Amino acid sequence: LGYGSAKAATHHYLQSFGPTIHDETDTTAVGILPLMIDTPNNRAMLDGDDGGSGNDDRYSKMVNPIHIANEIGDWIKQPHLRPHSGSLVKVIAKNRRDGSGGAAFHLVR
């Protein structure tokens, strides 16, 4: 209950605050929504390995943090690619078990 409430409040705050801060300071506030970021702690939480099962796709759904950083870097270099302030952007890992393949960014709101 607490997690869901905090998440909904954060999304609402960002969507309300984003356009205002952009108008006042020319700053862009964008919410990045990955399913799960590929970190050592998240891998440990999932038992640290893929279980050897070819049917286990938990790791293919994790987003490598470098893919998020590269996308943000592109937004900085090419502002016309940047979502408008107050946007929520869903990040989906491309389905490769080795973590290659990048990520897809989809505007949610």
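Above this text is the structure in question.
Note that the structure is predicted; figures quoted are calculated from it, not measured. (Residues numbered from 1 in each chain as written. Predicted model: local features only at pLDDT ≥ 70, side-chain atom pairs only at ≥ 80, totals over all residues. Heavy atoms only, no water.)

Draft legend 1. Structural context of the sheet that holds strand β5 (residues 103-107). One open sheet holds the 3 strands; their spatial order is β1-β4-β5, and the pairing between them is mixed. Since the sheet does not close on itself, it has two edges, and those belong to β1 (31-34) and β5, each with one partner. Direction aside, neighbouring strands of the sheet carry axes that sit 25° apart on average. As defined by bridge partners, β1 adjoins strand β4 (residues 88-93) across 4 bridges and the pair is classed as parallel. Paired with Ile-32 across the two strands is Val-89, which belongs to β4. Set on the sheet, helix α3 (residues 65-77) makes contact with β1, β4 and β5; between it and β5 the angle comes to about 55°. (Pairing = 2+ DSSP bridges. Helix = DSSP H or I, 4+ residues; strand = E, 2+ residues; numbered from the N terminus. Axes fitted to C-alpha atoms, helices over the stretch in contact; angles between N-to-C directions. Contact = heavy atoms within 4.5 Å.)

Draft legend 2. Spotlight on helix α1 (residues 2-25). Across its 24 residues, α1 extends 32 Å between first and last C-alpha, which sits within 8% of the 34 Å expected from 1.5 Å per residue. The largest bend along α1 reaches roughly 30° and is located at Phe-17, with the proline Pro-19 sitting one to four residues downstream. Here the buried face of α1 lies against β1 and β4. Looking one or two residues past α1, Asp-26 carries a phi angle of roughly 60°, positive in sign. (Expected span 1.5 Å × (residues − 1). Bend = angle between axes of the 7 residues up to and from the residue.)

Draft legend 3. Summary view of the packing of aromatic side chains. Considering all chains together, one arrives at 2 aromatic pairs under this definition. With centroids separated by 5.2 Å and ring planes inclined at 10°, the aromatic side chains of Tyr-13 and Phe-17 adopt a geometry described as stacked. Here Phe-17 and Tyr-13 lie together in helix α1, a separation of 4 residues that amounts to about one turn. Exposure remark for Phe-17: the relative accessible area of 33% places this residue in the partly exposed category. Relative to Phe-105, the ring of Trp-75 has its centre 6.2 Å away and its plane inclined at 75°; by these criteria the two rings are edge-to-face. (Phe/Tyr/Trp six-rings, centres within 6.5 Å; stacked < 30°, edge-to-face > 60°. Buried < 20%, exposed > 50% of the residue type's maximum accessible area, 1.4 Å probe, protein only.)

Draft legend 4. Focus on the nonpolar core. One finds Val-63, Ile-68, Val-91, Ala-93 and Ala-103 forming the largest nonpolar core, which totals 5 residues. In contact with Ala-103, not counting residues within four places along its chain, are Val-63, His-67, Val-91, Ile-92, Ala-93 and Lys-94. (Core = buried A, V, L, I, M, F, W, Y, C linked by side-chain atoms within 4.5 Å.)

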